[in-house]
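# Observations on the three-dimensional arrangement
So you can see what is in the structure, the chains are spelled out below.
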Amino acid sequence: MIEIVHILVVEDSPTAAIDLEAKIRHVAPKADLRKAFSYQEAVDLLRQQPFDVAFIDLQMPEKTGMDLILDVMQKDESLNDIPIIVTTGTKPQSFIADT
């Protein structure tokens, strides 16, 4: 029996979310994939159901992906075991210069 993988994609850009979903579906076509387009949507989804992995965009308008990871996922014991894959559309040089 094949176990369904529960995946959360947190991405404020609909185009980037669709692109990432296509890539995920290529390797995991039967995955239960949920998308959040904001920090708050992500928080709500994380509290509604368990996820096996989360793809989180670092650059979001109201709060960053790092805020989501540090403020919510690491502080809530039920969420801090979820593997996180960080994504960003920012050029590496720009991101490094900002940190």
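In the block above lies the structure referred to throughout.
In short, a report on the structure. (Residues numbered from 1 in each chain as written. Predicted model: local features only at pLDDT ≥ 70, side-chain atom pairs only at ≥ 80, totals over all residues. Heavy atoms only, no water.)

### Topic: the overall build of the protein
For the record, the criterion: Only DSSP runs of H or I covering at least 4 residues are called helices, and only runs of E covering at least 2 are called strands; the numbering of each starts at the N terminus. Per-residue accessibility, obtained with a 1.4 Å probe over protein chains only, is compared with the maximum for each type, and a residue is labelled buried under 20%, exposed over 50%, and partly exposed between these values. Two residues qualify as a contact provided that any one of their heavy atoms is within 4.5 Å of a heavy atom in the partner residue.
Of the regular secondary structure elements, the protein holds 4 helices and 4 strands. Of all 99 residues assigned to the protein, the portion counted as buried reaches 37%. Restricting the contact set of the protein to residue pairs at least 6 apart, pairs at least 24 apart contribute 68%.

### Observations concerning the pairing of strand β1 (residues 6-10)
The cut-off we apply is this: Strands are labelled as partners when DSSP assigns at least two bridges between them. Handedness is read with the strands pointing away from the viewer; a crossover is right-handed when the path from the first strand over the helix to the second is clockwise.
Across the 5 residues that make up β1, a large majority, 4, are buried. Strand direction decides the pairing type here: β1 and strand β2 (residues 32-36), joined by 5 bridges, are parallel. Looking across to β2, one finds that V10 is bridged to A36. In this fold, β1 hands off to helix α1 (residues 14-27), which returns the chain to β2; that crossover is right-handed. In the sheet, β1 pairs with strand β3 (residues 53-57) via 4 bridges, with the strands oriented parallel. Looking at the pairing, I7 lines up with V53 of β3.

### Comments concerning helix α3 (residues 65-73)
Quick note on the threshold: By construction, the arc corresponds to the directions joining the helix axis to the C-beta atoms. Whenever two N or O atoms come within 3.5 Å, that pair is a polar contact, provided that in protein one can donate a hydrogen and the other can accept it, and provided that, for residues adjacent in sequence, both atoms are side-chain atoms.
Listing the buried residues of α3 in full gives G65, L68, I69, V72 and M73. An end-on view of α3 places all buried positions within 115 degrees of arc, on one side of the element. Tucked into the core, α3 has its buried residues touching β1, α2 (39-48), β3 and β4 (84-87). Backbone nitrogen of M66 and a side-chain oxygen of the N-cap are separated by 3.3 Å at the start of α3; the cap is T64.

Interpretation in functional terms is not warranted from these geometric data alone.
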